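Chains, contacts and geometry: an overview
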Amino acid sequence: MTLWHPDLLVGRPGGSPGLLQNYVGGSFVGGKTFPKLSPVTGETIAEVAEADEATVDAAVSAARQALNGPWGRMSEQERAVVLRRVADELERRFDDLVAAEVGDTGKSVSQARTLDIPRGAANFRAFADIVASASTESFSTSLPDGRRALNYAVRKPVGVVAIIVPWNLPLLLLTWKVAPALACGNSVVVKPSEETPSSATVLAEVMAAAGVPEGVFNLVHGFGPSSAGEFLTRHPGVDAITFTGESATGSTIAKAAADGVKAVSFELGGKNAGLIFADADLDAAVEGSVRSTFTNGGQVCLCTERLYVERSVYDEFCARLAQRATELPYGWPADESTANMPLISSQHREKVLGYYDLARAEGATVLAGGGVPSFDDARDGGWYVQPTVLTGLAADARTATEEIFGPVCHIAPFDTEDEAFALANDSQYGLAATVWTRDVGRAHRAGARLDTGIVWVNTWFLRDLRTPFGGMKASGVGREGGTHSLAFYSELTNVCVNLD
Ligand code: NAD
């Protein structure tokens, strides 16, 4: 079953909207619908069935039941085989998934083809390999009184895992959690963002086609408060919650999880710094900062919204970044050359434009952008803003300290390495930092001294799925990735066998 027409979803208006449904215990089920609007044109491109409390309850029950079925009896290697079939099926549905992601977000087809959708399959293959080769501890014990024992740990699923994700990289972020959760033998109930329901719905079809047993993967659509998100996080049948989204939402979910004493993993917001030292390859630093600031319309938790540049190259760097910001091509999502994309919703655009106004009120100089582009076509009904480069803000200005989540950065100068590290660390967040330098010692000092979950040196957004991923301070709780994901998505039972 194909749920909608891909042609409809790549920013080319026309045709009638499809219906996106919940997926519970292996069947698609409906509900009261809400419209999904195109960020490119503002038109309705799909109707989405919102899961009410009874539907969420049915999804959690189906997930619980699946743990007692064949899924619960599979070995890690057998589950790895299933995960690889899911990856194969994701690749078979590649074009549908590109259309779904592009339609929901307005991102360019070329980004969806090279980043978002390939990472879906890569997540399943990576965690199939990781779980199939994972070991547990064992100890040969001998006590002073002569007793001897063998201790070893058995890995078990946590149970029913609730997975709640945002709209910026929908399939990538969803599968980053579904793959390890299934690898460890859990069943899942996933809630994609209300803004990006399509690729998760295709993923439900993929699960069925790949032979994932009924009830192992369940999907509920809807919003957060008083909707599917809240129903799921306070459901007593959920054993663990993994969440990616805003820090404030993480705080709300933490309170719901505390009531049920549920394990949580949180990947939250950021206000990431990029440090450009005078000894850097400046061409690479400018192009790298274009990517780290404007990729996906600046709607990546890892984007750099604060750039600090050593004073001797500050003027040149500012001029070059501002120039590049004005050159980034708009275009329709289907055009290969398109670099800019719309923001996800009119509300999010209001928020970002509010920060553009606030920056001016706080005394910023606007080196590039600062407004809304005009197209003289259907895109004027969408939610585009201009890529924006700011300077001149005080260190404690709201625009320089709060996460904006749009295509915007503020640039400030520094004089010494110590000052650069201190400026980067002066934030409530601690997700990622990017350092541009040719000094090897400085690169390693940055790794040791920057209080972030990731430090990139002379690159940005280069990920190995085996490495720990997560944030410090308000940017998250816990780490996922590689064996760190196995630690969150499984329980260990220590077995102690008397050898005498
Ligand atoms: P959001 O917190 O508004 O929503 C995220 C998800 O939570 C959505 O599915 C939403 O419906 C749901 N939700 C909202 N309120 C809820 C509630 N009370 N109970 C249960 N569920 C609820 O975030 P967003 O606007 O969709 O995404 C942008 C944010 O995500 C940014 O802050 C960004 O930095 C962050 N993010 C972090 C990472 C990371 O890995 N650290 C990755 C991507 C995005």
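Located above this text is the structure these notes cover.
Note that this is a predicted model, so its numbers are computed, not measured.

About the thresholds
Here the residue numbers are simple positions, counted from 1 along each chain's written sequence. Two thresholds apply to this predicted model, a pLDDT of at least 70 for residue-level local features and 80 or more for giving and counting side-chain atom pairs, whereas whole-chain, interface and lining totals are computed over all residues. Side-chain metrics in this entry use all non-hydrogen atoms of the structure; hydrogen atoms and water are not considered. Going along the chain from the N terminus, every DSSP run of H or I of four or more residues is numbered as a helix, and every run of E of two or more is numbered as a strand. The quantity called the radius of gyration is restricted to C-alpha atoms. Its globule counterpart is 2.2 Å times the number of residues to the power 0.38. Pairs of residues are marked as contacts when any of their non-hydrogen atoms sit within 4.5 Å. Charge counting follows a simple rule: Lys and Arg are positive, Asp and Glu are negative, and His as well as the terminal groups are ignored. Charge coordinates come from a single atom per side chain, which is NZ of Lys, CZ of Arg, CG of Asp or CD of Glu. Near residues are defined by distance, with any heavy atom within 4 Å of the molecule or strand qualifying the residue. A 3.5 Å cut-off defines polar contacts: any pair of N or O atoms within that distance qualifies, except that in protein one atom must be a possible hydrogen donor and the other a possible acceptor, and neighbouring residues in sequence count only when both atoms are side-chain atoms. The rule is simple: put a 1 Å grid over the protein atoms alone, call a set of points where a 1.4 Å probe fits but cannot get out a cavity, call an open set with protein on both sides within 12 Å along at least five of seven lines a pocket, and count a residue as lining if it has an atom within 4 Å of a point. By definition, a pocket or cavity contains a molecule when more than half of the molecule's atoms lie within 2 Å of the pocket's grid points. Only protein chains enter the calculation, and the probe is 1.4 Å; a residue is then buried if its accessible area is under 20% of its type maximum, exposed if over 50%, and partly exposed in between. By the convention used here, strands pair only if DSSP detects at least 2 bridges between them.

1. Quick look at the overall build of the protein chain
- Helix and strand content of the protein chain: 16 helices and 23 strands.
- Computed over its C-alpha atoms, the radius of gyration of the protein chain comes to 24 Å, within 12% of the 23 Å expected for a compact globule of 500 residues.
- When its C-alpha atoms are laid out on the principal axes, the protein chain stretches across 75 × 65 × 40 Å.
- For the protein chain, the proportion of contacts with a sequence separation of at least 24, taken over those separated by at least 6, is 74%.
- Each charge sign in the protein chain was given a centre, from 42 positive and 60 negative side chains, and these centres are 5 Å apart.

2. A look at the site of the ligand
- Taken together, 31 residues surround the ligand, and among them Val165, Glu194, Thr249, Leu268 and Glu403 come closest.
- For the ligand, an oxygen atom lies 2.9 Å from a polar atom in the side chain of Lys191.
- Residue Glu403 places a side-chain N or O atom 2.6 Å away from an oxygen atom belonging to the ligand.
- Put simply, the ligand lies in the largest pocket.

3. Observations regarding the pairing of strand E17 (residues 408-414)
- Of all the seven residues making up E17, six are buried; the element is thus mostly covered by neighbouring parts of the structure.
- In the sheet, strand E14 (residues 304-310) pairs with E17 via five bridges, with the strands oriented parallel. Pairing of Val309 across the sheet is with Pro413, part of E17.
- When strand E16 (residues 388-391) meets E17, the two strands line up parallel, connected through four bridges. Counterpart to Thr388 in the pairing with E17 is Val408.

4. Describing unusual backbone geometry
- Unlike most non-glycine residues, Ser226 shows phi in positive territory, near 55°.
- Residue position: Ser226 is located in the loop between strand E10 (217-219) and helix H8 (228-233).
- Given the relative accessible area of 59%, Ser226 is considered exposed.
- Phi at Phe405 takes a positive value of approximately 65°, unusual for a residue other than glycine.
- Turning to its location among the elements, Phe405 is positioned in the loop between helix H13 (398-401) and E17.

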